[in-house]
Amino acid sequence: MKLPCITMLATLLLTVPAAAQLQITPPATTPSAPAEKQKPPAPAKKKEAAPAPKPTASPKPSASPKPATVIPAPPSDDPNVDLVFGAYQRGQYKTAFELATVRAQAGDAKAMTMLGELYSNAMGIRRDYAKAAEWYKRAADAGDREAMFALAMLRISGRGGPVDKSEAVRLMASAAKLGEPKAAYNLALLYLDGQTLPQDVRRSAELLRQAADAGLPEAQYALATFYKEGTGVPKDPERAVRLLQAAAIADNVDAEVEYAIAMFNGTGTPKNQPAAVALLRKASRQGSAIAQNRLAWVLINGVGTPVDKIEGFKWHLVAKTAGKGDPELDKQLSDLPADDRAKAEAAARKWLGSK
C-alpha cells in the first residue's frame, strides 16, 4: 500500500498537514533573504521591435506552503492492501481507517503508515498529530520508507512532538537510502540550504539526481537548474533541457516556463517557437505570471505566433496583478486605440474574475 506523496517544506513553517513542495535556487543565484510567493524579478526587456523571452532565474524557496502533490501509487499484488488504499483513493476515509486499523494491529507496516496519514490529515477522523507520529514511528521501525519520511516531516515541523531536526535528518537519510524519492529531494534541499546540514552542493546534486531518476518532477526541475548554472555538476545546457522537458511533461509549471523559453531561444535544444508559445499558453492558464508576461510579449509582437494585441495585453494586465508589471508594455497599452484597450482590460477582468 503506497501512500500519496507528502513533500517537505524547507522553511519548517508547516501550516497544512500535508507539507508543501519546495523549489530551489542554487547558491550562486539565491538571495540572502528568501522571498516567497513572489517569483524572481522579470529580466530586463530587449529594446527590439520583437523581443524574445529570456531565461529567468529559477523560482525561490517557498516561505508559505502550497498543497502537496498527490502521486498515485502503483497497484499492489496484495488484495487486502488494495482494499485499504482503494478506499482511500475513493475518499472513503472511514472505511480505510477501519480496514487499516485491523491490518495495523496484525503488524502490517503499510497499514500503520496509512493510519498515520489519516490522523495527520484529518481524513475520516479528527486530526491528531501525536497519534499520527505514533503510527508513523511504528511503521518506520518496521522499515517502511514512506513512514520514515512522513515522520521526518513531523519532527522537523514540531508536530506531534518537539522539533527534532537531528532525528528528522536521520529518518530522511534512511528513507532516501531505501529509495524514497521525496526524501532524497528534500534531503538535497537541506544540503543546499546549509542550515540544518552543512552546505554541500555536490551531495545535493547527487540526491536530486536520485529523485529525478525516480521521476519526481520537482527534483527534475531543480537538477535542471543545477546543470544550467553548473551548481554541483558540470554545466550542461542540453541535459538541463532534457530534465526540464521531463518535468514539464509531468505538469511542473516552472519547468514548463523554462522549457518554453529554452525552445523559443534554441538554448540546449532546437529552436521551436510555435511549440514554445503553446507551452507558454499552457503555463499562463496554470497561473504562472512569468509565462503570462512572456506570452504577452510574443503575442503583442507576433514572434512565433500571429499578432494578437488584445490577447497579449490581457495577459500583460493579468501578469501585472501578480507583480510582473512591465513599464514598456504599459506604454504600449496606453498607445493602443481606446476600443482595443477596453477589450483587453475586459478580457483581463474576466480571466481574473473566473479564478
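Figured I'd write up the structure that's included with this text. Worth saying up front: this structure is predicted, and the values here are computed from it rather than measured. (Residues numbered from 1 in each chain as written. Predicted model: local features only at pLDDT ≥ 70, side-chain atom pairs only at ≥ 80, totals over all residues. Heavy atoms only, no water.)

1. Examining unusual backbone geometry
Phi at Ala122 takes a positive value of approximately 55°, unusual for a residue other than glycine. Assignment of secondary structure puts Ala122 in the loop between helix 3 (109–121) and helix 4 (129–141). You will see that Asp251, though not glycine, has its phi angle at about 70°, which is positive. (Helix = DSSP H or I, 4+ residues; strand = E, 2+ residues; numbered from the N terminus.)

2. Re the packing of helix 9 (residues 217–229) against helix 10 (residues 237–249)
Contact geometry of helix 9 with helix 10 gives a least axis separation of 8 Å together with a crossing angle of 160°. Here helix 10 runs roughly antiparallel to helix 9, going by the angle between their axes. With respect to the hand of their crossing, helix 9 and helix 10 are arranged in left-handed fashion. Counting all contacts with helix 9, which are made through Pro217, Gln220, Tyr221, Leu223, Ala224, Tyr227 and Lys228, the residues of helix 10 involved are Pro237, Arg239, Ala240, Leu243, Leu244, Ala246 and Ala247. Its residues assigned to classes, the contact of helix 9 with helix 10 shows 11 nonpolar, 1 polar and 2 charged. (Axes fitted to C-alpha atoms, helices over the stretch in contact; angles between N-to-C directions. Parallel < 35°, antiparallel > 145°, perpendicular 65-115°, else oblique. Left-handed = near helix turned anticlockwise from the far one by under 90°. Contact = heavy atoms within 4.5 Å. Nonpolar A, V, L, I, M, F, W, Y, C, P; charged D, E, K, R; others polar.)

3. A short note on the side chain of Thr305
Considering the arrangement of structural elements, one finds Thr305 in the loop between helix 13 (289–301) and helix 14 (309–321). The residues contacting Thr305, other than those within four sequence positions of it, are Val277, Arg281, Val298 and Leu299.

4. Some points on the nonpolar core
Leu118, Tyr185, Leu187 and Leu208 are the most contacted members of the largest nonpolar core, which has 100 residues in total. Once you skip the residues sitting within four places of it in the chain, Leu187 turns out to touch Val169, Met172, Ala173, Leu197 and Leu207. (Core = buried A, V, L, I, M, F, W, Y, C linked by side-chain atoms within 4.5 Å. Buried < 20%, exposed > 50% of the residue type's maximum accessible area, 1.4 Å probe, protein only.)

5. Section: the packing of aromatic side chains
As enumerated under the stated definition, the model contains 4 aromatic pairs in all. Between Tyr88 and Tyr93, the ring centres sit 5.6 Å apart and the planes meet at 65°, which makes this aromatic pair edge-to-face. Considering the side-chain rings of Trp315 and Trp351, the 5.0 Å spacing of their centres and the 65° angle between planes classify their relative orientation as edge-to-face. Taken together, the positions of Trp315 in helix 14 and Trp351 in helix 16 (residues 338–353) put the pair 36 residues apart, joining distant regions of the chain. Both residues of the pair, Trp315 and Trp351, belong to the buried class. (Phe/Tyr/Trp six-rings, centres within 6.5 Å; stacked < 30°, edge-to-face > 60°.)

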